[in-house]
Amino acid sequence: MAHTLDSPQQSRTAALGPDRAADATSVALEVADRLRDPGRVAAAIAAAAQQTAFPESVHWVPYSLAQGDTGLALLCSYLDACCPDEGWDVTGHQFLASAAQAAERSGELPPGIFGGTSGVAFAAWSLSRGGTRYQRLLGSLEDVLLPQARQLASTLGRQTGGTFVAHFDLISGLSGVGAYLLCRRQQPQVADALDATLRSLVALTTTGEHPPRWHTPARFMSDESMARHYPYGNLNCGLAHGIPGPLALMALAHLEGVTVPGLAEAIGRVADWLVDNRADDAWGVNWATAVALTADGGWDPAVTSEPSRSAWCYGSPGVARALWLAGVALGDLGLRALAVEAMAAVLGRPMPARRIDSPTFCHGVAGLLQITLRFAHDTGLRLFVDATEALTNQLLGMYEADRILGFYSLEPAGNRVDQPGLLDGAPGVVMTLLAAATAVDPSWERLFLLA
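Our subject in this report is the structure included herewith. The model shown is predicted, which means the values in this text are computed figures rather than measured ones. (Residues numbered from 1 in each chain as written. Predicted model: local features only at pLDDT ≥ 70, side-chain atom pairs only at ≥ 80, totals over all residues. Heavy atoms only, no water.)

Thoughts on the overall build of the chain
Logical step 1: Check the secondary structure of the chain and you find 19 helices and four strands.
Logical step 2: For 451 residues, the compact-globule estimate of 2.2 N^0.38 gives 22 Å, and the C-alpha radius of gyration of the chain, at 20 Å, lies within 12% of that figure.
Logical step 3: Based on the C-alpha atoms only, the size of the chain along its principal axes is roughly 60 × 50 × 45 Å.
Logical step 4: A buried classification covers 58% of the 451 residues belonging to the chain.
Logical step 5: The contacts of the chain with a sequence gap of at least 6 include a subset with a gap of at least 24, amounting to 71%. (Helix = DSSP H or I, 4+ residues; strand = E, 2+ residues; numbered from the N terminus. Rg over C-alpha atoms; globule rule 2.2 N^0.38 Å. Buried < 20%, exposed > 50% of the residue type's maximum accessible area, 1.4 Å probe, protein only. Contact = heavy atoms within 4.5 Å.)

Here we look at the packing of helix α9 (residues 188-204) against helix α11 (residues 244-255)
Logical step 1: Contact geometry for α9 and α11: axes closest at 11 Å, N-to-C directions at 130 degrees. Between α9 and α11, the interaxial angle falls into the category oblique. Crossing of α9 against α11: the hand is left-handed. Contact residues: α9 offers Thr 197, Leu 198, Leu 201 and Val 202, while α11 offers Pro 246, Leu 249, Met 250 and Ala 253.
Logical step 2: Tallied by class, the residues present in the contact of α9 with α11 amount to seven nonpolar, one polar and no charged. (Axes fitted to C-alpha atoms, helices over the stretch in contact; angles between N-to-C directions. Parallel < 35°, antiparallel > 145°, perpendicular 65-115°, else oblique. Left-handed = near helix turned anticlockwise from the far one by under 90°. Nonpolar A, V, L, I, M, F, W, Y, C, P; charged D, E, K, R; others polar.)

With respect to helix α19 (residues 426-437)
Logical step 1: Compared with an ideal rise of 1.5 Å per residue, which puts 12 residues at 16 Å, α19 spans 17 Å between its outermost C-alpha atoms and is within 8% of the ideal.
Logical step 2: By the criterion of burial, α19 is predominantly enclosed, with 12 of the 12 residues buried.
Logical step 3: Considered for burial, the residues of α19 that qualify are Ala 426, Pro 427, Gly 428, Val 429, Val 430, Met 431, Thr 432, Leu 433, Leu 434, Ala 435, Ala 436 and Ala 437.
Logical step 4: Buried-residue contacts for α19 involve α1 (18-35), α3 (69-82), α17 (365-379) and α18 (382-397). (Expected span 1.5 Å × (residues − 1).)

Overview of the packing of aromatic side chains
Where two aromatic rings form a pair, the distance of their centres and the angle of their planes describe that pair.
Logical step 1: The final tally for this structure, using the stated rule, is 15 aromatic pairs.
Logical step 2: Ring geometry for Phe 122 against Trp 125: centres 5.6 Å apart, planes inclined by 45 degrees, an arrangement best described as tilted. With a gap of three residues between them, Phe 122 and Trp 125 both fall in helix α5 (residues 117-127), about one helical turn apart.
Logical step 3: Judged by centre distance (5.6 Å) and plane angle (65 degrees), the rings of Trp 324 and Phe 375 are edge-to-face. Linking Trp 324 in helix α14 (residues 316-330) with Phe 375 in helix α17, this pair joins segments that are 51 residues apart in sequence.
Logical step 4: Of the residues examined, Trp 324 reaches a relative accessible area of 7% and is grouped as buried.
Logical step 5: An aromatic cluster is present here, built from Tyr 78, Phe 114, Trp 312, Phe 361, Trp 444 and Phe 448 joined pairwise through their rings. (Phe/Tyr/Trp six-rings, centres within 6.5 Å; stacked < 30°, edge-to-face > 60°.)

So, the side chain of Arg 184
Logical step 1: Along the chain, Arg 184 falls in the loop between α8 (174-183) and α9.
Logical step 2: According to the relative accessible area criterion, Arg 184 is buried, its value standing at 9%.
Logical step 3: If sequence neighbours within four positions are ignored, Arg 184 has contacts with Trp 125, Gln 135, Leu 138, Glu 142 and Val 190.

Concerning the layout of surface pockets
Logical step 1: The volume enclosed by the second largest pocket comes to roughly 310 Å³.
Logical step 2: Together, 19 residues line the second largest pocket, and Trp 125, Ser 126, Arg 129, Gly 130 and Ser 443 are the ones closest to its centre.
Logical step 3: For the lining of the second largest pocket, the secondary structure elements donating two or more residues are α3, α5 and α6 (135-158).
Logical step 4: Per element, the largest residue contribution to the lining of the second largest pocket is five residues, and it comes from α3.
Logical step 5: A breakdown of the residues in the lining of the second largest pocket according to their chemical character gives seven nonpolar, eight polar and four charged. (1 Å grid on protein atoms, 1.4 Å probe; cavity = no way out; pocket = protein on both sides within 12 Å on 5 of 7 lines; lining within 4 Å. Points joined across faces, edges and corners; volume = space filled by probe spheres on them.)

Comments concerning the environment of Asn 286
Logical step 1: On the secondary structure map, Asn 286 appears in the loop between α12 (263-276) and β2 (290-292).
Logical step 2: Looking at Asn 286, the relative accessible area reads 1%, which means it is buried.
Logical step 3: For the pair formed by Asn 286 and Ser 308, sequence separation is 22 residues and the distance between their alpha carbons is 7.5 Å.
Logical step 4: Once residues within four sequence positions are removed from consideration, Asn 286 is found in contact with Arg 278, Ala 279, Asp 280, Asp 281, Pro 307, Ser 308, Ser 316 and Arg 349.

Some remarks on the environment of Leu 249
Logical step 1: Checked against the element boundaries, Leu 249 lands in helix α11.
Logical step 2: For the pair Leu 249 and Ala 339, spaced 90 residues apart in sequence, the C-alpha separation works out to 17 Å.
Logical step 3: What Leu 249 contacts, discounting residues up to four positions off in sequence, is Leu 174, Ser 175, Gly 178, Ala 179, Leu 182, Thr 197, Leu 198, Leu 201 and Leu 449.

Thoughts on the packing of α5 against α6
Each pair of packed helices can be described by the angle between their axes along with the distance between the axes.
Logical step 1: For the pair α5 and α6, the least separation of the axes is 9 Å and the interaxial angle reads 150 degrees. Note that α5 runs across α6; the crossing there is left-handed. Of the residues in α6, those in contact with Thr 117, Ser 118, Val 120, Ala 121, Ala 124 and Trp 125 of α5 are Leu 137, Leu 138, Leu 141, Val 144, Leu 145 and Gln 148.
Logical step 2: Each residue belonging to the contact of α5 with α6 can be placed in one class, and the counts come to nine nonpolar, three polar and no charged.

As for α5
One turn of an α-helix holds 3.6 residues; hence residues three or four places apart share an orientation.
Logical step 1: The buried fraction of α5 amounts to 10 of the 11 residues, a majority that puts the element mostly inside the structure.
Logical step 2: The complete set of buried residues in α5 reads Thr 117, Ser 118, Gly 119, Val 120, Ala 121, Phe 122, Ala 123, Ala 124, Ser 126 and Leu 127.
Logical step 3: Those residues of α5 hidden inside the fold are in contact with α3, α4 (88-106), α6 and α8.

Below you can see the structure in the form of structure tokens.
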């Protein structure tokens, strides 16, 4: 199918040179056309169920943004911006309708953005072409979501003796819900829920408790192996599940002029904690997946932690992005310099040392590429411009035309899974390749708290 890549939404310069941009665009749009085919998607869903070593988590949930029709609707919103007048808005509508119907059948969804109400709302908002469409659907979703957000904020505010990460994190908790609310903050009722969300996160980071209020006791960990690894609990350092998520949301809110008491101070506290609790490696600045607590409630990252992989979900890239946003929000050049230093260390590591062998977004190359793109646009440094091309080359080298969707998800055991989900599958790769190859602003980055 022929495609035209132009749009009135272009607001920046493509990061890749013309030849590489053409290659990335060609592959991305070929995979997008496969994802447009219901038969292909159904075949991938069936194949993934057979290929995965994690059947309890790798299954299709239509209302899920991470792994369902909602994620495909979000993909279509970006394709509609990149390739106007090619019917991607219609395809997106079909996916969104399927997701909304599934949500209605399921009863009340959880609020989280990757698997609940705010995710469906985020996809609808993204497809709305600047708020000109889907207002009735957005209103219905927000009638459910806003009380959920206020209740979750209240629950988090009352929590003592540690906290479930799912209450405050980006994947399931308030940070992800807040990412959507921030997009719709001009609506008075949404602004009220956002205010409650930010106040709760500010309170979560208040000093004076030892360990910090946001620590996770072992009894609150759903993963038994993690609970055994951290018998006294931990302090999670991943952007997806840890304290960098609240930091990024609070910084973005501050940058967009949203104020609540103590917001700037909370941003500074969390940023300082991350700066003080690094787990550097042979290549430089790094962070652990989590910092283990000791029997007396203390912690020492130099003793108890190992550096993480270099991904969006965990490791330096996600933490560095949160620190960069904090540095911009506070006018702190030191935080921005450390963020750049951390990213330079990531890019200086040999590929095996990065521990991101999958092409996908969450814990793969696409996520690192998208963060690198952001740093390239924000700093203009040649380091990041060159790395953008190198990471794009790496991604394109993983493309397998004879697979159902072209790109696969590589699981820890080495098995390749034909995943059609956005977070761990082909759609996230497509969106990232287009973000590198075109001048169309990737507003979907708000989902990942990158901008």
